[in-house]
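# Descriptive structure summary
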Amino acid sequence: MQFIMPSAGKWIAIALSLLLGVGALVLRARISQLEHTDEGYRAAKKKRNLLMMAGVLLLWLCSGLILSSFGLGEREFTVSISPARMDLFGLSVSSTVFVSWIVIAALTLITAIIRIFVIPRFQETPRGIQLVLETAVGAINDLAKEKYGQKNEGLASYFFALAALFIGSAIVELFGVRPPTTDLSMTFTYALVTFVLINVYGIRKKGVTGRLQSFVKPNAIIAPFKLLSDLAIPISLACRLFGNMLGGMVVIELVYYALGAYSVGMPAVLGLYFNAFHPLIQFFIFINLSLTFIGEAVEEQMA
Amino acid sequence: MTDIGLIAIGAGLAVLTGAGAGLGMGIATGKAVEAVARQPEANGKINALLLLGLALTESTAIYGFVTALVMIFTMGK
């Protein structure tokens, strides 16, 4: 269990970061504010912002001093390409696999709750959670339709589930746990699923001979290159996602390591990019490319 | 020179792929800005294409990075 849990110093840093944010908000509320129409409104606003910044800086310095006085700042830089293994009832399981099980269990619970409590109460005009769900489902349906050429519920639902799993693993990273997407075995698994889907849809649409003929379409000389580029698809998909996620994790770990006891609040600014925006873009790219390749396999080529 | 030094030089050479990826991404983004400036109404489509192209361009840099990581973490032992 101690392998998947982040160190005590990191937990305290994350908790203190939250406290820092709340403190900044409280500080902002405490400073009296002039009315919008009053004389000197701009000056007061500037002063208020300056005071807030100074307060945040002071809180940050204090938290760093407190942490370093307790000796919680020392961290060793331990990033490995393969995640730590843990013992689960006599089975040697990689920690990221265990984390992904937790994510899958949480997602199953959430979907069950939505199915039981939210979906029966759907109305004609969507509001709140219904609006979010309908927008998300509609977006992925449109993407699948655009890439595949016609409506395909199976592909859309598979990629929706994949997106939910990826986003869940990105949220896990915000708690300081190593996310499953930084494990080559997970990304390669989903890339292999994409490879199987490409061939299944290609063969279902064109037949075995048609699928084989697509390799020699313009010219027979090009066949080995086409075969090679088809075989490279899962490797390139897996390595792209894995490299991006691991790169982001290494940068964040380096920041934690370099700041030591003062890593309160600061990594959150970087984390907004490396833990929130960047993974979302990469997941979108993974799903988009998978759908593009599947659409390429099924499309009727001009003779 | 020690083995780890040679591995470090090799890993450094491997991440030089980032230079090419940076060039390519810069050119692609510049062209996208030109396209949006010429036809602002095609903003959405250009954006989607640009994102896909950037991801494909970026993957060369990522392959170099993964190669470097594999060199450091597996060859050093």
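Analysis parameters
- Residues numbered from 1 in each chain as written.
- Chains lettered and ligands numbered in written order.
- Predicted model: local features only at pLDDT ≥ 70, side-chain atom pairs only at ≥ 80, totals over all residues.
- Helix = DSSP H or I, 4+ residues; strand = E, 2+ residues; numbered from the N terminus.
- Buried ≥ 20, exposed ≤ 12 C-beta atoms within 10 Å, placed from the backbone.
- Contact = placed C-beta atoms within 7 Å.
- Rg over C-alpha atoms; globule rule 2.2 N^0.38 Å.
- Domains from an automatic or database assignment.
- Core = buried A, V, L, I, M, F, W, Y, C linked by C-beta atoms within 7 Å.
- Axes fitted to C-alpha atoms, helices over the stretch in contact; angles between N-to-C directions.
- Parallel < 35°, antiparallel > 145°, perpendicular 65-115°, else oblique.
- Left-handed = near helix turned anticlockwise from the far one by under 90°.
- Nonpolar A, V, L, I, M, F, W, Y, C, P; charged D, E, K, R; others polar.
- pLDDT = per-residue confidence, 0-100.
- Expected span 1.5 Å × (residues − 1).
- Pairing = 2+ DSSP bridges.

### Description of the overall build of chain A
A count of helical and extended segments in chain A gives eight helices and two strands. Helices and strands appear in chain A in the N-to-C order α-α-β-β-α-α-α-α-α-α. Every one of the 303 residues in chain A was classed for burial, and the buried ones make up 25%. Considering only intrachain contacts with a sequence separation of at least 6, the fraction spanning at least 24 residues in chain A is 72%.

### Focus: the overall build of chain B
If you tally the helices and strands in chain B, you get three helices and zero strands. Helices (α) and strands (β) of chain B occur, in sequence order from the N terminus, as α-α-α. Taken over C-alpha atoms, the radius of gyration comes to 18 Å for chain B, far larger than the 11 Å a tight globule of 77 residues would show. Along the first, second and third principal axes, the C-alpha set of chain B runs to 60 × 15 × 10 Å. Within the span of chain B, comprising 77 residues, buried residues form 16% of the whole. Long-range pairs, those at least 24 residues apart, make up 81% of the contacts in chain B between residues at least 6 apart in sequence.

### Topic: the domain arrangement of chain A
Parsing chain A into structural domains produces domain 1 (1–74) and domain 2 (87–298). For domain 1 of chain A and domain 2 of chain A, the distance between their C-alpha centres works out to 35 Å.

### Comments concerning the nonpolar core
In this structure, Phe159(A), Ala238(A), Phe242(A), Phe286(A) and Ile294(A) are the most contacted members of the largest nonpolar core, which totals 38 residues. Taken together, the elements giving at least two residues each to this core come down to helix 4 (129–148), helix 5 (153–173), helix 6 (184–213), helix 7 (223–259) and helix 8 (266–298) of chain A together with helix 3 (43–75) of chain B. Take this core: its biggest share by element is nine residues, from helix 8 of chain A. The residues touching Ala238(A), leaving out its near neighbours within four places in the chain, are Leu184(A), Thr187(A), Phe188(A) and Ala191(A). Counting five residues, the second largest nonpolar core, distinct from the first, contains Ala13(A), Ile14(A), Leu16(A) and Leu20(A).

### Section: the packing of helix 5 of chain A against helix 8 of chain A
Residues and elements named next belong to chain A. Where helix 5 meets helix 8, the axes come as close as 10 Å, and the angle between the chain directions of the two elements is 160°. By the criterion of interaxial angle, the relationship of helix 5 to helix 8 is roughly antiparallel. Regarding helix 5 and helix 8, the two cross each other, and that crossing is right-handed. Between helix 5 and helix 8, the contacting residues are Leu-155, Phe-159, Leu-162, Ala-163, Phe-166, Ile-167, Ala-170 and Glu-173 on the first element and Asn-275, Pro-279, Phe-283, Ile-287, Leu-291 and Ile-294 on the second. Grouping the constituent residues of the contact of helix 5 with helix 8 by class yields twelve nonpolar, one polar and one charged.

### Observations regarding the interface of chain B and chain A
Listed as interface residues are ten residues of chain B and, on the opposing side, twelve residues of chain A. Of the residues in the side of chain B that touches chain A, the class split is nine nonpolar, one polar and no charged.

### Digging into the confidence of the model for chain B
Residue and element names in this part refer to chain B. On average, chain B scores 86 in pLDDT, and the residues at 70 or more come to 96%. By mean pLDDT, the top-scoring element of chain B is helix 2 (residues 17–38) (93), and the lowest-scoring one is helix 3 (83). Interface confidence for the predicted complex, given as ipTM, is 0.73, next to a pTM of 0.78.

### Thoughts on helix 5 of chain A
Over its 21 residues, helix 5 of chain A extends 30 Å from the first C-alpha to the last, a length consistent with the 30 Å expected when each residue adds 1.5 Å. The inward-facing, buried residues of helix 5 of chain A contact helix 3 (95–118), helix 4 and helix 8 of chain A.

### Side note on the packing of helix 7 of chain A against helix 8 of chain A
Residue and element names in this part refer to chain A. Running from N to C, helix 7 and helix 8 cross one another at 180°; their axes reach a closest spacing of 11 Å. Comparing the axis directions of helix 7 and helix 8 gives the class roughly antiparallel. Of the residues contributing to the contact of helix 7 with helix 8, the split by class is 17 nonpolar, seven polar and no charged.

### Brief notes about the pairing of strand 1 (residues 85–88) of chain A
All names here are of chain A. Here strand 1 runs beside strand 2 (residues 91–94); their pairing, made up of four bridges, is antiparallel. Residue Leu-88 lies in a different strand from strand 2, and its bridge partner there is Leu-91. Connecting the antiparallel pair strand 1 and strand 2 is a turn made up of two residues, with Phe-89 showing a positive phi of about 55°.

### Description of helix 3 of chain A
All names here are of chain A. Taking 1.5 Å as the rise per residue, helix 3 with 24 residues should run 34 Å; its terminal C-alpha atoms sit 33 Å apart, in good agreement. When helix 3 is considered as a whole, its buried residues turn out to be Ser-95, Thr-96, Val-99, Ser-100 and Val-103. Summarising the contacts, the buried residues of helix 3 are in contact with strand 1, strand 2, helix 5 and helix 6.

### Considerations on the environment of Ser157(A)
Residues and elements named next belong to chain A. Looking at where Ser-157 falls in the secondary structure, it is placed in helix 5. Overall, the presence of 14 C-beta atoms within 10 Å leaves Ser-157 in the partly exposed class. For the pair Ser-157 and Asn-141, spaced 16 residues apart in sequence, the C-alpha to C-alpha distance is 8.1 Å.

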